[in-house]
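A closer look at the structure
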Amino acid sequence: MVHVEIKAEELFAIGPLIVTNSMVGVLLASVVLLLATWWFTRRSAVVPSRGQSMIELPIEFLAGVVRGTGGKRWRQFAPLILAIFLYVLVANWLSLLPGVGTIGLAEEVDGEKIIVPFVRAGAADLNFTLGLALISFVAFIAFGLRANGLRGYLKELLIAEPAYMTPLLTPIHLISELSRVISLSMRLFGNVFAGEVLLATMLALTTATVFILPLAFVVPGVFLGLELLFGLVQALVFALLSMTYITLAIAEHRQHGSDDHSGEAPEQGAAPAHGSA
Amino acid sequence: MDLHTLAAGLAMGLGGIGPGIGLGIGFSKAMEAIGRNPEASGTIFVPYILGLALTEAIGIYALVVSLIILFAS
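If you're wondering where the values come from, they're calculated on a predicted model, not measured in any experiment.

Let us now look at the overall build of chain A. Secondary structure assignment for chain A yields six helices and four strands. Ordering the α and β elements of chain A from the N terminus gives β-β-α-α-α-β-β-α-α-α. The burial tally for chain A puts 40% of its 277 residues in the buried class. Within chain A, counting contacts between residues at least 6 apart in sequence, those at least 24 apart form 68% of the total.

Next comes the structure, spelled out in structure tokens:
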């Protein structure tokens with residue numbers, strides 16, 4: 001059976017700051033993103049070269065989605081959504097590289113030798129995903145405050161539509177706001193962590209067959225491809241959900257009760273999201 | 001056999017029923033909608049992905065719980 005550690009293992013400590021192997025993975029993702037940004041903005045041109053257009057393609061796709069569903073103020077939060085998307089995507093895909101989660105120091109715990117890897121998938125640690133979810137939480141509260149003002153926001157949050165329903169609906173509303181953080185972070189963590197466990201299990205199951213059939217090369221490869229897809233989908237889901245929460249927070253203002261359907265649904269822009277099939 | 005193993009298997013197995021049905025309904029409806037109106041596939045895509053994520057979250061909760069039962073207790 002494979003050894004699975006739910007929390008990120010501690011590598012070393014600088015004073016009170018404990019550096020875990022997931023932090024190394026996240027830092028790696030940041031470094032890769034920074035280098036890529038520097039490299040591709042250094043020589044970016046209006047008429048893109050081949051590499052530049054390859055980088056621009058996913059960004060343009062997501063920007064198109066944000067423009068299509070984000071309403072009138074999409075320009076204000078598009079950078080945040082794109083940053084979340086790229087960060088999670090790079091962190092997820094970096095964790096599929098060979099050596100992540102496998103190269104490390106051997107340690108003896110309870111008479112059993114385990115490997116403490118130097119690098120672990122960033123999102124396989126709840127701290128990373130919870131941090132991102134909190135950023136998105138603060139963002140959608142801030143955008144709601146900015147769009148509706150403090151009074152409008154508090155009114156929206158604390159007073160239900162028929163006023164006599166307030167004691168019943170307000171707790172539900174508050175809990176649903178808070179549960180967004182939990183569901184955002186748990187979803188990403190669960191997916192990535194389960195992916196890591198799945199890959200390790202598949203490898204462990206097929207390693208024994210390596211002298212008879214080359215299953216150990218085929219089966220984990222299939223699941224690696226699946227994890228590539230899941231990494232993309234989860235990054236997309238995280239970014240799109242953050243966008244939806246922000247759009248809802250901006251749009252939800254029912255001023256006088258009479259025309260409350262004017263700004264409720266996020267406007268579907270005339271231009272459909274291109275490149276989505 | 002440990003009861004932990006049984007608990008983890010039950011948590012995941014029972015927890016997978018609901019999201020499975022839900023995802024199936026959502027997917028079939030999305031396909032129906034695209035079949036009726038193929039031009040709208042771009043508009044359907046984003047809400048579909050969001051609904052998929054929200055439905056799947058329940059399954060992920062079950063997964064996290066069963067992983068915690070298996071490995072952290």
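Let us keep going from here.
What follows deals with the layout of surface pockets. Residues and elements named next belong to chain A. Taken as a whole, the largest pocket encloses approximately 1,100 Å³ of empty space. Lining of the largest pocket is provided by 38 residues; of these, His3, Gly101, Thr102, Glu196 and Ala200 occupy positions nearest its centre. Among the secondary structure elements, those contributing two or more residues to the lining of the largest pocket are β3 (104-109), β4 (112-117), α5 (166-207) and α6 (215-251). Among the elements that line the lining of the largest pocket, the one with the most residues is α5, at eight residues. Of the residues assigned to the lining of the largest pocket, the class counts are 22 nonpolar, six polar and ten charged.

We now examine the pairing of β4 of chain A. All names here are of chain A. The sheet contact formed by β3 and β4 spans six bridges and is antiparallel. Paired with Leu105 across the two strands is Val116, which belongs to β4. In sequence, β3 turns back onto β4 through a hairpin of two residues, with Asp110 there showing a positive phi of about 55°.

Residues and elements named next belong to chain A. Here helix α2 (residues 50-69) crosses helix α3 (residues 74-94) at 135°, and the two axes come no closer than 10 Å. By the angle between their directions, the pair α2 and α3 is classed as oblique. Note that α2 runs across α3; the crossing there is right-handed. Between α2 and α3, the residues in contact are Ile59, Leu62, Ala63, Val66 and Arg67 and Trp74, Phe77, Ala78, Ile81, Leu82, Phe85 and Leu86, respectively.

Residue and element names in this part refer to chain A. Applying the stated rule across the entire model yields two cavities of 30 Å³ or more. Taken as a whole, the largest cavity encloses approximately 100 Å³ of empty space. Along its surface, the largest cavity is lined by Asn92, Ser95, Leu96, Asn191, Val192, Gly195, Glu196, Glu227, Phe230, Gly231 and Gln234. When residues of the lining of the largest cavity are traced back to their parent elements, those giving at least two are α5 and α6.

Ranked by internal contacts, the top residues of the largest apolar core, which has 59 residues, are Phe77, Ile81, Leu240 and Ile246 of chain A. Contributions of two or more residues to this core are made by α1 (21-42), α2, α3, α4 (126-158), α5 and α6 of chain A together with α2 (41-71) of chain B.

Residues and elements named next belong to chain A. Packing of α2 against α6 brings their axes to within 11 Å, and their N-to-C directions diverge by 25°. Classed by the angle they form, the pair α2 and α6 counts as roughly parallel. Between α2 and α6 the crossing geometry is right-handed. In this structure, α2 uses Phe61, Leu62, Val65, Val66 and Thr69 to contact α6, whose residues at the interface are Leu236, Leu240, Met243 and Thr247. Broken down by class, the residue content of the contact of α2 with α6 amounts to seven nonpolar, two polar and no charged.

Let's shift gears to the pairing of strand β2 (residues 17-20) of chain A. Residue and element names in this part refer to chain A. As judged from the four bridges shared by strand β1 (residues 10-14) and β2, these two strands associate in the antiparallel manner. Note on β2: the bridge partner recorded for Ile14 is Leu17. The hairpin turn running from β1 into β2, its antiparallel successor, is two residues long, and Gly15 in that turn takes a positive phi close to 65°.

In this section: the interface of chain A and chain B. Taken together, the contact pairs 23 residues of chain A with 19 residues of chain B. Here chain A and chain B share an interface that buries about 1,900 Å² over both sides, 80% of which is from carbon and sulfur atoms. Where chain A meets chain B, there are zero salt bridges. Where the side of chain A that touches chain B is concerned, the elements lending two or more residues are α2, α5 and α6 of chain A. Looking at which element gives the most residues to the side of chain A that touches chain B, the answer is α5 of chain A, with eight residues.

Cut-offs applied
Residues numbered from 1 in each chain as written. Chains lettered and ligands numbered in written order. Predicted model: local features only at pLDDT ≥ 70, side-chain atom pairs only at ≥ 80, totals over all residues. Heavy atoms only, no water. Helix = DSSP H or I, 4+ residues; strand = E, 2+ residues; numbered from the N terminus. Buried < 20%, exposed > 50% of the residue type's maximum accessible area, 1.4 Å probe, protein only. Contact = heavy atoms within 4.5 Å. 1 Å grid on protein atoms, 1.4 Å probe; cavity = no way out; pocket = protein on both sides within 12 Å on 5 of 7 lines; lining within 4 Å. Points joined across faces, edges and corners; volume = space filled by probe spheres on them. Nonpolar A, V, L, I, M, F, W, Y, C, P; charged D, E, K, R; others polar. Pairing = 2+ DSSP bridges. Axes fitted to C-alpha atoms, helices over the stretch in contact; angles between N-to-C directions. Parallel < 35°, antiparallel > 145°, perpendicular 65-115°, else oblique. Left-handed = near helix turned anticlockwise from the far one by under 90°. Core = buried A, V, L, I, M, F, W, Y, C linked by side-chain atoms within 4.5 Å. Buried area = accessible area lost by both parts, 1.4 Å probe. Salt bridge = Lys/Arg side-chain N within 4 Å of Asp/Glu carboxyl O.

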